[in-house]
Amino acid sequence: MQYDSGTKKFFSKQINLFYSLKMVWIGCIVLIGIIFPIISPSGCSQLKSNKNNLTSEKFSFESADGTSKLIGDCANIGNYHPIQVQGYGLVNRLPGTGSDDVNSLERRMVYDEMTRMGIHDVRAILAAPTTAVVNILAYMRPGIQEGDFFDVEIRLPPETGTKSLRGGWLMTTRLDEMAFIGGGIKEGKTLALVEGPIMVDDPLATESSNPSGLKQGIILSGARVKESRFLTLNMKSGAESAFATDRIAKEINNRFFIAASQKKGMATAKTDSLIVLDIHPDYAKDVARYVRVIQAIACYENQAKQLHRIERLKTELLIPEKSQQSAFQLEAIGKRGIEALRNGLNSPHVEVRFHAATSLAYLGDGTPAKILADIARNEPAFRVYALNALSVLRTDIEAEMALQELLHVPSAETRYGAFRALHNRNPYDRTIRGENLGNQFSYHGITTNAPAMVHLSKSKRPEIVLFGSDIHLRQPFGLEAGAVIFVNGQSSESVIVKKFALNGVDEQRAVSNKLDDVIRAVVELGGTYPDVFQMLVQADQMKVLSCRLEIDCLPEPNRVYHRPGTSEDDNADPSKKKSKGVWERMNPKNWFNTNPGGNSSDFEGTTNTSERE
């Protein structure tokens, strides 16, 4: 059918009108679908609820007075406890003092393990008088990292025939998490491997004088961690939400991160109630302080509120009773808190100067290095923390020089504390750099103007430090270095160091009476760190060592600092004492501390006037 042009135009207009009306109708339907839920009661309620949820989650990070809540107010620290690990191992190299404890649990466990490993003649090995089966026990501190070392305890079975562990060497053994379940032992994951020479509990013990002192001991830094331990933040009741954990993790990562090829934060939000924390390298040797700083980070805070809080903390820092908490919060803020902390360096109160200087050191500011050194020298209550803060300033020349000067002070614990701080700061520091003597222990000689001193370590790592160059053994004398090495200084011409071989030819060295020569001769003949340790303790007891001997002479925690206006009687009154002080929990020597909770307490400790001054 043909249409003229007029008819075509008429139909075209009708079609366009139809589509226009159709689009209007569709638009009305869509509009009604959007508006109707809003104007309905249930729709209004839902929209308001969504807004309130976002608002409540966001503003739950503020206290009633409008101040920002800190992470410690909203979350508790988790995984902050030592993990017990255990193993059963074989000790060899005993000088005929071993036995075969056939009926012991330890012996059965070691027998099964050696059999699984395909070792031949297991029964003959276990029956030899040069071997003994032992129980191994250790604790892995919170935040310990892969590759770190820790001490282990070695114990013989209760009804053992072994007379002594002196001279023994523990063969490589697994350390597992273990639990007694259903009347039997269930082995968990292998967390570390251990081996090394055993230092008996009493280096001077004999089978007649102290037999129990020969049947248990330790291996210093004998265990190596296979897997790092992380910390957690567990949201408190009422604070659980994905919004909260994401927000807190972001704030932590803004403060603590590793700037490698790609920025890596320390916190990862796992669930609406759990955040996993890695340990920042700057706090690896002081995890307790890391926890305190994490807890002092604001959960959510804009720049204006942060600046206002900094001004408030700047004022409170100068108040001794509030300076600790203020310093923690300023340290948690980061670089923006530096100027406020510097304001505390000129305070007339040593306590204020200490808190400000310590936090500045952890922020990488070397300005207070001299202040920290003066505090370490003159104030025993703060010494351990001041030295630890100086060790954090790894690239600061002022901190290095300050610690080097402390090597010459009369105080024994200050000198060794300064040595340990220099070593933690940089093991290759030219002033304290030593050697791994015989692949047995760390050996250092320090030139010092102070009186000569020999320092031995009985925890953390096998180490001998000689402070002074002219240290010798006064003749005549006779000393034992382990079970088979004897040091004979009866002749005035030389000292004879002799090893009696159980199977083979005896060996000996003739050296001078200088302590360095004698130590090196003992090691050349196969002596271990426990052997040298025994020799030196015996020399000190016999008064043939030309200088003082100290063991684990580190600065002590838990010492009271008496603020001006307070008396010792007030501090000694139990009714006026507060809960356990933060300094005990923060002490780098004390890794096994309880959950620090939500708030730090003020400084407190117990009076300790060390005889090692």
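Residues numbered from 1 in each chain as written. Predicted model: local features only at pLDDT ≥ 70, side-chain atom pairs only at ≥ 80, totals over all residues. Heavy atoms only, no water.

Observations concerning the packing of helix H9 (residues 320-333) against helix H11 (residues 350-362)
Between H9 and H11, whose axes approach to 9 Å, the crossing angle comes to 10°. Put simply, H9 runs roughly parallel to H11. In this structure, H9 uses Pro320, Ser323, Gln324, Ala327, Phe328 and Glu331 to contact H11, whose residues at the interface are Glu351, Val352, His355, Ser359 and Tyr362. In the contact of H9 with H11, the residues fall into 5 nonpolar, 4 polar and 2 charged. (Axes fitted to C-alpha atoms, helices over the stretch in contact; angles between N-to-C directions. Helix = DSSP H or I, 4+ residues; strand = E, 2+ residues; numbered from the N terminus. Parallel < 35°, antiparallel > 145°, perpendicular 65-115°, else oblique. Contact = heavy atoms within 4.5 Å. Nonpolar A, V, L, I, M, F, W, Y, C, P; charged D, E, K, R; others polar.)

A short note on the nonpolar core
Judged by nonpolar contacts, the single largest core of 84 residues is most densely connected at Leu233, Ile248 and Ile252. Sequence-distant contacts of Ile252, that is, excluding residues within four places in its chain, are made with Ile71, Leu233, Ala267, Leu277, Ile294 and Ile297. Counting 38 residues, the second largest nonpolar core, distinct from the first, contains Phe477, Val497, Ala521 and Cys547. (Core = buried A, V, L, I, M, F, W, Y, C linked by side-chain atoms within 4.5 Å. Buried < 20%, exposed > 50% of the residue type's maximum accessible area, 1.4 Å probe, protein only.)

Some words on the sheet that holds strand E22 (residues 548-551)
If you walk across this open sheet you meet the 5 strands as E14-E15-E17-E16-E22, and the pairing is mixed. Every interior strand has two partners, whereas the edge strands, strand E14 (435-437) and E22, have only one. If you compare each strand with its neighbour and ignore which way they point, the axes differ by 25° on average. Taken together, the 4 bridges between strand E16 (residues 453-456) and E22 define a ladder with parallel strand orientation. Within E22, the residue paired with Leu456 across the bridge is Ile551. (Pairing = 2+ DSSP bridges.)

Here's the deal with the environment of Ala296
Topologically, Ala296 is positioned in the loop between helix H7 (287-295) and helix H8 (303-316). Residues Ala296 and Gln325, spaced 29 residues apart in sequence, show a C-alpha to C-alpha distance of 8.4 Å. Ala296 has contacts with Leu70, Arg309, Phe328, Gln329 and Ala332, leaving out every residue within four places of it along the chain.

Side note on helix H15 (residues 412-425)
In this model, H15 (14 residues) spans 20 Å end to end at C-alpha, consistent with the 20 Å of a helix rising 1.5 Å per residue. Here H15 lies mainly inside the structure; 13 of its 14 residues are buried. (Expected span 1.5 Å × (residues − 1).)

Points about the side chain of Glu400
Among the structural elements, Glu400 can be located in helix H14 (residues 397-406). Excluding anything up to four places from it in sequence, Glu400 contacts Leu422, Arg425, Asp429 and Arg430.

By themselves, these observations are geometric and do not establish any function.
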